[in-house]
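Residue-level structural notes
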Amino acid sequence: MTYEEFLAANQNKLVGYLILSYFSIDPDTIETPCPPAQLSEEQLVQLKDRLNECIPLDFMITDLWDWDIRFENGEELSDDWYFEAVFGSAASLKSCSEELVQFFVDKCDEYDIDYNQSADDQAFENLIEKEATGFVIAWRKNIISRYSQQYSAK
């Protein structure tokens, strides 16, 4: 099924969510999909492999891989964070980025990774926040770009 076919098949549900959002305090009425409850362990690994292929590589966040520190495997950051980061709404961007910032800073401290070349810790955290936000935005865009075109569940 293509993205357009999916939208056509679900347009009444999607219009329903849109209309409900007009009456809601929180216009983000569509829940973020949480695949772990629906998939076998093998299917979950396959899904994450596909989504991880869309990880943008031009951000400081992926520099952690040089120290074999992985954030995308669900062991360090939870599956809830992972699926909110990739499938979440614009409203969840800040919380996903903040958690990634905290993870990055904690790992820099834990492994004595000297990224903070400034005497100003706040400037360093602001830089990491900008990087983390850009990273999540780019990851989401890469997924949309790849899978909204010709995705087939087969």
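In this report, the structure presented in the accompanying data block is examined. This one's a predicted model, so the numbers in the text were calculated from it and none came from an experiment. (Residues numbered from 1 in each chain as written. Predicted model: local features only at pLDDT ≥ 70, side-chain atom pairs only at ≥ 80, totals over all residues. Heavy atoms only, no water.)

What to know about the overall build of the protein chain
When you go through the protein chain residue by residue, the secondary structure sums to six helices and zero strands. The order of helices and strands in the protein chain, counted from the N terminus, is α-α-α-α-α-α. The principal-axis extents of the C-alpha atoms in the protein chain amount to approximately 55 × 40 × 25 Å. For the protein chain, buried positions account for 32% of its 154 residues. Counting only contacts in the protein chain whose residues sit at least 6 apart along the sequence, the fraction spanning at least 24 positions is 75%. When the accessible surface of the protein chain is summed, it comes to about 10,100 Å², and 51% of that surface belongs to carbon and sulfur atoms. Distance from the positive charge centre (11 side chains) to the negative charge centre (31 side chains) of the protein chain: 9 Å. (Helix = DSSP H or I, 4+ residues; strand = E, 2+ residues; numbered from the N terminus. Buried < 20%, exposed > 50% of the residue type's maximum accessible area, 1.4 Å probe, protein only. Contact = heavy atoms within 4.5 Å. Areas by Shrake-Rupley, 256 points an atom, 1.4 Å probe, with all protein chains shown as cover. Lys, Arg positive; Asp, Glu negative; His and termini not counted. Charge placed at Lys NZ, Arg CZ, Asp CG, Glu CD.)

Notes on helix α5 (residues 93-110)
With 18 residues, α5 extends 25 Å between its outermost C-alpha atoms, agreeing within 8% with the 26 Å of an ideal straight helix rising 1.5 Å per residue. Count one or two residues on from α5 and you reach D112, which has phi positive near 55 degrees. (Expected span 1.5 Å × (residues − 1).)

Some remarks on a negative patch on the surface
Together, D106, D109, D112, D114, D120, D121, E125 and E129 give the surface a local cluster of negative charge. Of note, D121 is situated in helix α6 (residues 121-150). By relative accessible area, which is 52% here, D121 ends up exposed. (Patch = residues over 30% accessible without salt bridge, like charges linked within 9 Å, V, L, I, M, F, W, Y side chains within 5 Å. Salt bridge = Lys/Arg side-chain N within 4 Å of Asp/Glu carboxyl O.)

Structural notes on the packing of helix α4 (residues 79-87) against α5
Between α4 and α5, the shortest axis-to-axis distance is 9 Å and the interhelical angle comes to 130 degrees. On the basis of the axis angle, α4 is oblique to α5. In this structure, the crossing between α4 and α5 has a hand that is left-handed. For the pair formed by α4 and α5, the contact residues are W81, E84 and A85 on the first element and C96, E99 and L100 on the second. Partitioning the contact of α4 with α5 into residue classes produces four nonpolar, no polar and two charged. (Axes fitted to C-alpha atoms, helices over the stretch in contact; angles between N-to-C directions. Parallel < 35°, antiparallel > 145°, perpendicular 65-115°, else oblique. Left-handed = near helix turned anticlockwise from the far one by under 90°. Nonpolar A, V, L, I, M, F, W, Y, C, P; charged D, E, K, R; others polar.)

Overview of the nonpolar core
F71, W81, L100, F104, F135 and W139 are the most contacted members of the largest nonpolar core, which totals 34 residues. Among the secondary structure elements, those contributing two or more residues to this core are α3 (41-52), α4, α5 and α6. The biggest single contributor to this core is α6, with nine residues. With sequence-adjacent residues up to four places away left out, W139 is seen in contact with L51, N52, C54, I55, P56, W81, Y82, A85 and V86. (Core = buried A, V, L, I, M, F, W, Y, C linked by side-chain atoms within 4.5 Å.)

Things to note about the pattern of salt bridges
Going through the model one piece at a time under the given rule, you end up with six salt bridges. The partner of R70 in a salt bridge is E72, and the shortest N-O contact between them spans 2.5 Å. Beyond isolated ion pairs, a larger network of salt bridges with shared partners links E76, K107 and E110.

Here's the deal with the packing of α3 against α4
Between α3 and α4, the least distance of the axes is 12 Å, while the angle of their chain directions is 45 degrees. Viewed along their axes, α3 and α4 adopt a mutual orientation that is oblique. Read as a crossing pair, α3 and α4 show a hand that is left-handed. Counted together, L44, L47, K48, L51 and N52 of α3 and D79, Y82, F83, V86 and F87 of α4 form the full contact between these two elements. Residue composition of the contact of α3 with α4, by class: seven nonpolar, one polar and two charged.

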